[in-house]
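The primary structure of each chain is shown beneath.
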Amino acid sequence: TMSTMKAVRVHQFGGPEVLSFEDVEIPSAGPGQVLVKVMAVGVNPVETYLRSGTAGRRPQLPMCPGQDAAGVIHSVGSDVTTVKVGDRVFTSGTLTGSYSQYCLCKYNTVHKIPDTVNFDEGACLFTPAYTAYHALFHIGNTKPGEFVLVHGASGGVGLAAVQLAASHGARVIGTASSKEGQQLVKDAGAEYVISHREEGYMDKIVEFTAGHGVDVILEMLASSNLGKDLPILALRGRVLVIGSRGTVQIDPRDTMRKRASIHGVFLSLACDDEMSEMHAAIGAALVRGLLKIHVGTVLPLEKAAEAHKFIINPSEGANGKIVLHPW
């Protein structure tokens, strides 16, 4: 049996070039743990912030990035009964990082994948779909009939949010810059899709709501948009901040005029009962075909640096998710 595996590691904070492709020991599963043979890795923007040391918390180095993977249970700790060797699973967290051929996980952070979902889709499940659900329903309290604006709707979180909100009965508006991205957002269930590069696009969004304003805004880039979001809110509107890359100027009076609120969303702060609810809801949405995961780009694991460049500055706008293959 092999004792080493390929993994991507970070030895110092910096740009994409600090991701090195190395041979490391294959970890072994202790009590309460499972070892997953990784077939696909989901790449998320948060990993680029952790790699560059700008995420607010700085992980200990050296580290292997990544929480999202899909694969097969390779071995289980002595006391684990929830999954068995050979099960197809996706991860909602890892102990040793997912950018690798094997990753060690706590037993309660691996979840069986429905037969209708392949490994690439499974690798794109956790961070995007769970963030979207957590924002919309736990934090935003989104109701059927409300207008929901998803900024950056053609990315991983965005496409999941459009589908989950639309199947809940909300009226979804999405922004996307590329023609391909706009089509994806329409197909996902948005009633109105517009490019954020279009002149006066915020006014057109308010027009679409017949002057009511937007009830819930999912904000993937608050540092660009927050000041423009507040004036288009409906009464008691809420902005859910999912991503931001810097500071932004707002007029606090805009919140007063609408009795509006701004909420921060950070998936790793979801509590256990929220996680259980999300496993049930997202599992059902997948099985019933209400949630489909769009895989954008697939690259080999050794091209992780390329994936990191692309996810932060997509040349044609974000369309779906980036997946790495370790084998």
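Residues numbered from 1 in each chain as written. Predicted model: local features only at pLDDT ≥ 70, side-chain atom pairs only at ≥ 80, totals over all residues. Heavy atoms only, no water.

> Honestly, the packing of aromatic side chains in this entry has me stumped. Any pointers?
Two aromatic rings, taken as a pair, are described by how far apart their centres are and by the angle between their planes. For the structure shown, the criterion picks out six aromatic pairs. Plain terms: the ring middles of Tyr102 and Trp327 are 5.6 Å apart, the flat faces sit at 90 degrees to each other, and that makes the pair edge-to-face. With Tyr102 in strand β6 (residues 102-106) and Trp327 in the segment after β15 (321-325), this residue pair connects regions lying 225 residues apart in the sequence. A relative accessible area of 6% means that Tyr102 is categorised as buried. An aromatic cluster of at least three residues, connected via ring pairs, comprises Phe90, Phe126 and Tyr130. The side chain of Lys37 reaches across the aromatic face of Trp327, ending 4.6 Å from its centre. The ring of Phe119 carries the charged tip of Arg88 above its face, separated from the ring centre by 5.0 Å. (Phe/Tyr/Trp six-rings, centres within 6.5 Å; stacked < 30°, edge-to-face > 60°. Helix = DSSP H or I, 4+ residues; strand = E, 2+ residues; numbered from the N terminus. Buried < 20%, exposed > 50% of the residue type's maximum accessible area, 1.4 Å probe, protein only. Lys NZ or Arg CZ within 6 Å of the ring centre and 35° of its normal.)

> Explanation requested: empty space enclosed by the protein in the structure shown.
Rolling a probe over the atoms, with the probe sized like a water molecule, indicates the empty space that remains. Inspection of the entire model under this criterion finds one cavity of 30 Å³ or more. Along its surface, the largest cavity is lined by Cys124, Pro128, Ala129, Gly156, Leu159, Ala160, Gln163, Lys292, Ile293, His294 and Lys321. Secondary structure elements with two or more residues in the lining of the largest cavity: α3 (126-139) and α4 (156-167). When residues in the lining of the largest cavity are grouped by element, the largest group, four residues, is from α4. (1 Å grid on protein atoms, 1.4 Å probe; cavity = no way out; pocket = protein on both sides within 12 Å on 5 of 7 lines; lining within 4 Å. Points joined across faces, edges and corners; volume = space filled by probe spheres on them.)

> Looking at this structure, how should I read helix α10 (residues 304-312)?
Each full turn of the α-helix corresponds to 3.6 residues, which orients residues three or four apart in the same direction. Those residues of α10 lying buried are Ala304, Ala305, Ala307, His308 and Ile311. Buried residues of α10, seen end-on, are gathered within an arc of 160 degrees and therefore sit on one face of the element. Residues of α10 that are buried in the fold lie against β1 (4-10), β2 (19-25), β3 (33-43), α1 (45-52), β14 (295-300) and β15. (Arc of directions from axis to C-beta. Contact = heavy atoms within 4.5 Å.)

> Whenever I open this one, the sheet that holds strand β11 (residues 214-219) confuses me. Can you help?
Through backbone hydrogen bonds, the strands of a sheet pair up, either in parallel or in antiparallel fashion. One open sheet holds the six strands; their spatial order is β10-β9-β8-β11-β12-β13, and the pairing between them is parallel. At either margin of the open sheet sits one strand with a lone partner, and together these are β10 (192-194) and β13 (261-264). Taken pair by pair, the neighbouring strands of this sheet meet at an average axis angle of 15 degrees, ignoring direction. Here strand β8 (residues 147-150) pairs with strand β9 (residues 171-175) via four bridges, running parallel. Opposite Leu149, over in β9, you have Ile173 as the bridge partner. (Pairing = 2+ DSSP bridges. Axes fitted to C-alpha atoms, helices over the stretch in contact; angles between N-to-C directions.)

> Explain the pairing of β9 to me, please; I cannot follow it from the model alone.
Consecutive side chains along a regular strand alternate between the two faces of the sheet. In terms of burial, β9 is a largely internal element, four of the five residues being buried. Of the crossover connections in this fold, the one passing from β8 over α4 to the parallel β9 is right-handed. Bridge count between β9 and β10: three bridges; the pairing is parallel. The partner of Ile173 across the bridge, within β10, is Tyr192. In terms of handedness, the path from β9 via helix α5 (residues 179-187) over to β10 forms a crossover that is right-handed. (Right-handed = clockwise from strand over helix to strand, strands pointing away.)

> I would appreciate a short explanation of the nonpolar core in the present structure.
Across soluble globular proteins, nonpolar side chains have a tendency to be buried as a group. If you look at the biggest cluster of nonpolar residues, it comprises 49 residues, and the most contacted ones within it are Tyr130, Leu218 and Ile282. Elements that contribute at least two residues to this core include exactly α3, β8, α4, α5, β11 and α9 (272-287). Tallying contributions element by element places α3 first for this core, with eight residues. If near-sequence neighbours (up to four positions away) are discounted, Leu218 is found in contact with Ala135, Leu136, Val148, Leu149, Val150, His151, Ala161, Leu240 and Ile242. By size, the runner-up hydrophobic cluster in this structure holds 29 residues, among which are Leu19, Val38, Met63 and Val83. (Core = buried A, V, L, I, M, F, W, Y, C linked by side-chain atoms within 4.5 Å.)

Bear in mind that shape data such as this cannot, by itself, settle questions of function.
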